[in-house]
Amino acid sequence: MLDLRQLEAWFVTGSQDLYGQQTLNQVAEHSRAIAQGLSDSAGMPMKIVFKPVLTTPDAIYQLCLEANSAKNCIGVVMWMHTFSPAKMWIAGLKALQKPFVHLHTQFNRELPWATIDMEFMNLNQSAHGDREFGYIASRMRLNRKVVVGFWQDENIREELTTWLRAASAWHDAQILKIARFGDNMRKVAVTEGDKVEAQIRLGYSVNGYGLGDLAQCLRQVSDSDVDKLAANYDDSYAVAEPLRAGGEKRAALREAARIELGLRYFLVDGGFKAFTDTFEDLHGLTQLPGIAVQRLMADGYGFGAEGDWKTAALVRAMKVMSVGLEGGTSFMEDYTYDLKDGGKVLGAHMLEICPSIADGKPSLEIHPLAIGGKADPVRLVFDARRGPAINASVVDVGDRLRMVVNQVNTILPQRPLPKLPVARAIWIPEPNLNIAATAWILAGGAHHTGFSQALTVQHLEDFAGMAGVEFLLIDNSTTVSQFKKELRWNDMYYRLAATNLN
Ligand code: MN
């Protein structure tokens, strides 16, 4: 799994040389204290690195170039402690390729009423210095987040870390390679899309591989490695009788372990962090990968079924954003409904739900799969934990990518589901199923999603912001009438933006 502490964000303070060295030294001292304080604060997922105070256009430009090429720099936190004339920032901001957040804060929380003088005012003038900076960023129509408040306050740190987590996922997407085993599920529309445009816009590359190449990896797996992994399964899950050592289906469990090892080898060897497969193309595999996909997802891999590379990329991004947070993240599909009492969704897939969302120890089972024409696949079965979650989809609407996010509340099954042989989550969408599904369908949201109990809507909104992806939220404030207008307005905006702003 990823270690976000290997990544860093740069803390950049703007000023100018009118104030004299003594003031600039104080500015630097304050900036260093804020950067250090943020870096050391609880819940900060990565390092915040102090950078020398910038007072000239050359220094600003130079720093932006350095940020672009710094491998572990995921983004820049900007703050104008004093006044930093913003024409100095144009060249640098034009060159900056990394996302940035504008932290509108002040070193002191309170006005020192009894002692405040002109000197203090001139040092602590971000109230207007940051407005000058905000103007140029708006004038240049730059994507960025603005975070306002005292830097030691909990809510400010949370806003900042949310953005930094989104920036980590963005950073990861720039180098992400997605392997596609087989193509798309035949005739399906929403899982298709423009892979070239996605790479230009979002960074990640998607390439197809023959199932024969994967089957070759499976053949190279040693029996002793299969033994070890099978023993690991025995220890980790409640293994169903026929799959236990000596059971009549033990060979199927061993085959599932072989698939996991082969698949894992293929992904590690090729540097892939996300993948797709399809039940329609399993040549050389005896069963559709079930537990293999589930466990790879639990280790942070993105996954999309039926060739769904957009959802594989989304799940990977959500995995990166949620490293170290409580709660899991999974590939998901709105599968079937309970339409009683306002409505609930039963989310599941044929097999591939990540055990990071499991409530308790999953059971390891084998059951027939009605489609695909292969041997019975081995899979983990469990219920998702209760609690708030987000359900998100990315679709290609022809001229752009669109993200649709629904805030939902996961509940435990109200009755046992003894005959349902797959992992599942049951949730009530906000504001209710009627409005949520109406809005989702009008937006063209997919049936495949990324589902997370670790992330909030804000993580994805920040991510969509830095990616320049349209963002539509369905939550308790959604009305169908307003949502339809938003869709129409967005259509207009993105068309105008494509012709006028770029
Ligand atoms: Mn599906």
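The structure under discussion appears in the preceding block.
Residues numbered from 1 in each chain as written. Predicted model: local features only at pLDDT ≥ 70, side-chain atom pairs only at ≥ 80, totals over all residues. Heavy atoms only, no water.

Considerations on a nonpolar patch on the surface
- A cluster of nonpolar side chains, Leu111, Trp113, Ile116, Met118 and Met121, forms an exposed patch at the surface whose accessible area comes to about 560 Å².
- Position of Met121 relative to the elements: it lies in helix α4 (residues 118–123).
- Here Met121 falls in the partly exposed class, since its relative accessible area comes to 44%. (Patch = residues over 30% accessible without salt bridge, like charges linked within 9 Å, V, L, I, M, F, W, Y side chains within 5 Å. Areas by Shrake-Rupley, 256 points an atom, 1.4 Å probe, with all protein chains shown as cover. Salt bridge = Lys/Arg side-chain N within 4 Å of Asp/Glu carboxyl O. Helix = DSSP H or I, 4+ residues; strand = E, 2+ residues; numbered from the N terminus. Buried < 20%, exposed > 50% of the residue type's maximum accessible area, 1.4 Å probe, protein only.)

Observations concerning the nonpolar core
- In this structure, Phe11, Leu164, Tyr204, Met403 and Leu460 are the most contacted members of the largest nonpolar core, which totals 58 residues.
- Here Leu460 is in contact with Met318, Met321, Ile390, Ala392, Met403, Val405 and Phe471, once residues within four sequence places are set aside.
- Counting 32 residues, the second largest nonpolar core, distinct from the first, contains Tyr237, Ala423, Leu433 and Ala437. (Core = buried A, V, L, I, M, F, W, Y, C linked by side-chain atoms within 4.5 Å. Contact = heavy atoms within 4.5 Å.)

Some words on the coordination of the manganese ion
- Listed as protein donors to the manganese ion are Glu306 (OE), Glu333 (OE), His349 (NE2) and His448 (NE2); their distances from the metal cover 2.1 to 2.2 Å.
- All donors of the manganese ion belong to a single chain; written as a sequence motif, their spacing is E-x26-E-x15-H-x98-H. Residue Glu333 is found in strand β11 (residues 329–338), and its partner His448 is found in strand β18 (residues 448–452); the two are separated by 115 residues along the sequence. Across this residue pair, the class does not change: Glu333 and His448 are buried. (Donors = N, O, S within 2.8 Å, 3.2 Å for Na, K, Ca; no water.)

With respect to the environment of Val405
- Here Val405 lies in strand β16 (residues 401–411).
- The exposure class assigned to Val405 is buried, which follows from its relative accessible area of 0%.
- Between the C-alpha atoms of Val405 and Ile390, which are 15 residues apart in sequence, the distance is 6.7 Å.
- Look past the residues within four positions of Val405 in its chain and what remains in contact with it is Ile390, Asn391, Ala392, Trp440, Val457, Leu460, Phe471, Leu472, Leu473 and Ile474.

Quick word on helix α9 (residues 223–236)
- Look at α9: 20 Å from first C-alpha to last across 14 residues, which is about the 20 Å you get at 1.5 Å a residue.
- Buried within α9 we find Val226, Leu229, Ala230 and Tyr233. For α9, the arc enclosing every buried residue in end-on projection is 105 degrees, short of the 170-degree limit, so these residues lie on one face. In this structure, α9 carries Lys228 and Asp235 as exposed residues pointing more than 90 degrees from its buried face.
- Lining the buried residues of α9 we find β8 (238–239), α10 (250–270), α11 (291–298) and β13 (363–366). (Expected span 1.5 Å × (residues − 1). Arc of directions from axis to C-beta.)

Structural notes on unusual backbone geometry
- With omega at -5 degrees, the peptide bond leading from Glu430 into Pro431 counts as cis.
- Summarising the element assignment, Pro431 is placed in the loop between β17 (424–429) and α13 (433–442).
- The phi dihedral of Arg141 is positive, around 55 degrees, even though this residue is not glycine.
- Tracing the sequence through the fold places Arg141 in the loop between α5 (126–139) and β5 (145–148).
- For Lys187, which is not glycine, the phi dihedral falls at a positive 70 degrees.
- Mapped onto the elements of the fold, Lys187 is located in the loop between β6 (177–181) and α7 (195–202).
- Here Lys187 falls in the exposed class, since its relative accessible area comes to 85%.

What to know about α13
- Of the positions making up α13, those classed as buried are Leu433, Ala436, Ala437, Ala439 and Trp440. Seen from one end, α13 has its buried residues packed into an arc of 165 degrees, which puts them on one side. Opposite the buried face of α13, at more than 90 degrees from it, the exposed residues are Asn434 and Ile441.
- For α13, the side-chain oxygen to backbone nitrogen distance between the N-cap and Asn434 is 3.1 Å, and the N-cap itself is Asn432.
- One or two positions beyond α13, positive phi appears at Gly444, with a value near 75 degrees. (Polar contact = N/O pair within 3.5 Å; in protein donor to acceptor, adjacent residues only side chain to side chain.)

A few points about the sheet that holds strand β9 (residues 274–276)
- One open sheet accounts for four strands, arranged β7-β6-β9-β10; its pairing is parallel. Of all strands in the sheet, those bounded by a partner on one side alone are β7 (205–209) and β10 (302–304). Taking the axes of each pair of neighbouring strands and ignoring which way they run, one obtains an average angle of 20 degrees across the sheet.
- The pairing of β9 with β10 spans three bridges and is parallel. The partner of Ala274 across the bridge, within β10, is Gly302. (Pairing = 2+ DSSP bridges. Axes fitted to C-alpha atoms, helices over the stretch in contact; angles between N-to-C directions.)

Some points on the sheet that holds strand β3 (residues 73–80)
- The parallel open sheet is built from five strands, whose spatial order is β2-β1-β3-β4-β5. The open sheet has two edge strands, β2 (47–50) and β5, and neither has a second partner. Going from strand to strand, the sheet's axes swing by 25 degrees on average, the running direction of each strand aside.
- Note: strand β1 (residues 8–14) against β2, four bridges, orientation parallel. The residue bridging Ala9 from the neighbouring strand is Ile48, located in β2.
- Helix-sheet contacts for helix α1 (residues 21–40) involve β1, β2, β3 and β4 (100–104), and the interaxial angle to β2 is about 170 degrees.

As for the pattern of salt bridges
- One pass over the structure, following the stated rule, counts 23 salt bridges.
- With a closest N to O distance of 3.7 Å, Asp183 and Arg180 form a salt bridge.
- Judged by relative accessible area, which is 47%, Asp183 ranks as partly exposed.
- With its nearest N and O atoms 2.4 Å apart, the salt bridge here joins Arg254 to Asp227.

Section: the packing of helix α12 (residues 309–321) against helix α14 (residues 457–467)
- Between α12 and α14, the shortest axis-to-axis distance is 11 Å and the interhelical angle comes to 115 degrees. Taken as a pair, α12 and α14 cross one another with a handedness that is right-handed. On α14, the residues that touch Ala317, Met318 and Met321 of α12 are His459, Leu460 and Phe463.
- Residue composition of the contact of α12 with α14, grouped by class: five nonpolar, one polar and no charged. (Left-handed = near helix turned anticlockwise from the far one by under 90°. Nonpolar A, V, L, I, M, F, W, Y, C, P; charged D, E, K, R; others polar.)

A short note on the packing of aromatic side chains
- Here the structure, examined in full by the defined rule, presents 17 aromatic pairs.
- Aromatic side chains Trp170 and Phe463 sit 6.3 Å apart centroid to centroid with 70 degrees between the ring planes, which places their arrangement in the edge-to-face category. Of this pair, Trp170 sits in helix α6 (residues 154–173) while Phe463 sits in helix α14, and the two are 293 residues apart along the sequence.
- For Trp170, a relative accessible area of 11% translates into the label buried.
- Aromatic ring contacts, followed pair by pair, group Phe181, Tyr209, Phe266, Phe272, Phe275, Phe303 and Phe331 into a single cluster.
- Sitting over the ring of Trp10, Lys51 keeps its end group 3.9 Å from the ring centre.
- Lys177 extends its terminal NZ or CZ atom over the ring of Phe272, reaching a point 5.1 Å from the ring centre. (Phe/Tyr/Trp six-rings, centres within 6.5 Å; stacked < 30°, edge-to-face > 60°. Lys NZ or Arg CZ within 6 Å of the ring centre and 35° of its normal.)

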